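Structural overview
One letter stands for each residue in the lines below.
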Amino acid sequence: MQGNTPFIIVLAVGAIGAALAGAYFASQSPQSLPPVTQVPNQSPQSPPSPQSPPSPQSPPSPPSPQSPPSPTPKPIMITPSQNNCKITTAIVSDPNPPANVRSSPEVTATNLLGTLSNGTYITVTEEQNGWFKINNPVEGWISKSITESSCSEITERINFPPNGTSARVTGRIIGGGSHEYLLKASAGQTLTLSVSEGPLPFVFIPNDPNRQTDLTGGGHYTGLDNWSGTLPTTGDYLLVLDSHFRGFTYDFVVEVK
């Protein structure tokens, strides 16, 4: 054993030197990298299921058309009748003046009395077979066809059509005379007069035989061309146009609501 002692010592020294050398080289090696974090395996995502297309929406229903408002009926036209009426005044209107005045209601070579100029007012006392018997400015006969004339006294009724509320009244009084219009209306309704030519009519209440109550406050004499008022009672109202001399043309609208 003594002969091997130096060999064992050499081996020990060599082991110690190797250990020190390993420690030295370990201290000189680069720093170790941080540990890598492993991501757990993820199962592949399934592709998104295709979305079902949106169900088509029903188009919005068009708004139901509204019924247009019923048009207001136009005023009915009222004109005085020229049939079976008495004529007291006329105006000479001959297309080939002057107008002949004759002694009898016929044309003969011997019955010419004289002539009258156009525009002359004549007073009529009788009508016969298309001739007027006159006594002013001369006495004699003149053909009705060469005159302008109107009924001196008339009474007409105004009847509105269904849903109608107004009437346009037109006419002419030649000379003296009176044109009257009856209009049935109810208490509380509003009567309106709109005049475009001629005077404002008088408006007399129902059951007023002596014509004491005129709602317009003067009719012709007010100088108004419009009037409106609430009716006090139910019945036939009387619209009156009076002429005491030359006459006039009239045109007005009457409305009841």
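Refer to the structure presented above.
Criteria and cut-off values
- Residues numbered from 1 in each chain as written.
- Predicted model: local features only at pLDDT ≥ 70, side-chain atom pairs only at ≥ 80, totals over all residues.
- Heavy atoms only, no water.
- Helix = DSSP H or I, 4+ residues; strand = E, 2+ residues; numbered from the N terminus.
- Buried < 20%, exposed > 50% of the residue type's maximum accessible area, 1.4 Å probe, protein only.
- Contact = heavy atoms within 4.5 Å.
- Areas by Shrake-Rupley, 256 points an atom, 1.4 Å probe, with all protein chains shown as cover.
- Pairing = 2+ DSSP bridges.
- Axes fitted to C-alpha atoms, helices over the stretch in contact; angles between N-to-C directions.
- Phe/Tyr/Trp six-rings, centres within 6.5 Å; stacked < 30°, edge-to-face > 60°.
- Lys NZ or Arg CZ within 6 Å of the ring centre and 35° of its normal.
- Lys, Arg positive; Asp, Glu negative; His and termini not counted.
- Salt bridge = Lys/Arg side-chain N within 4 Å of Asp/Glu carboxyl O.
- Polar contact = N/O pair within 3.5 Å; in protein donor to acceptor, adjacent residues only side chain to side chain.
- Disulfide = S-S within 2.5 Å.

**What to know about the overall build of the protein chain**
- Scanning the protein chain for helices and strands turns up one helix and 16 strands.
- When the 257 residues of the protein chain are sorted by exposure, 31% land in the buried category.
- The long-range fraction of contacts in the protein chain, counting pairs at least 24 apart against all pairs at least 6 apart in sequence, stands at 71%.
- Taken as a whole, the protein chain presents about 17,200 Å² of accessible surface, with 55% of it coming from carbon and sulfur.

**A closer look at the sheet that holds strand β9 (residues 153–158)**
- Judged by pairing direction, the sheet is mixed, and its four strands sit side by side in the order β9-β11-β15-β13 without closing on themselves. Two strands close off the open sheet at either side, each with one partner strand: β9 and β13 (202–204). Within the sheet, the average angular offset between the axes of one strand and its neighbour, ignoring direction, is 25°.
- The sheet contact formed by β13 and strand β15 (residues 235–243) spans three bridges and is antiparallel. Considered in β15, the bridge of phenylalanine 202 is made with valine 240.

**Quick notes on the pairing of strand β2 (residues 89–92)**
- Of the two faces of β2, the one holding Thr89 and Ile91 and the one holding Ala90 and Val92 are both buried throughout.
- Bridge analysis of β2 against strand β5 (residues 121–128) gives three bridges, and the strand direction is antiparallel. Opposite threonine 89, over in β5, you have threonine 123 as the bridge partner.

**Concerning the packing of aromatic side chains**
- This structure, assessed with the given rule, holds five aromatic pairs.
- Ring geometry for tyrosine 181 against tyrosine 250: centres 6.3 Å apart, planes inclined by 75°, an arrangement best described as edge-to-face. Here tyrosine 181 is found in strand β11 (residues 177–185), whereas its partner tyrosine 250 is found in strand β16 (residues 247–256), with 69 residues between them in sequence. Just as tyrosine 181 is buried, tyrosine 250 falls in that class too.
- Note that arginine 246 overlies the ring of tyrosine 121, its terminal NZ or CZ placed 4.2 Å from the centroid.

**Structural notes on the side chain of aspartate 208**
- Its location among the elements puts aspartate 208 in the loop between β13 and β14 (226–230).
- Arginine 211 provides the closest opposite charge to the buried, unpaired aspartate 208, separated from it by 7.4 Å.
- One polar contact links the side chain of aspartate 208 to the main-chain amide nitrogen of glutamine 212, over a distance of 2.9 Å.
- Reaching out from aspartate 208, the side chain makes a polar contact with the backbone nitrogen of threonine 213 at a distance of 2.8 Å.

**Regarding the state of the cysteines**
- A full pass over the atoms with the stated rule returns one disulfide.
- Residue cysteine 85 pairs covalently with cysteine 151 via a disulfide, S to S 1.8 Å. Across the disulfide from cysteine 85 to cysteine 151, rotation about the S-S bond amounts to roughly -70°, and the bridge is consequently left-handed. On the criterion of sequence distance, the pair formed by cysteine 85 in the loop between β1 (76–78) and β2 and cysteine 151 in the loop between β8 (147–149) and β9 is long-range, its members being 66 residues apart. With respect to class, cysteine 85 is no different from cysteine 151; both count as buried.

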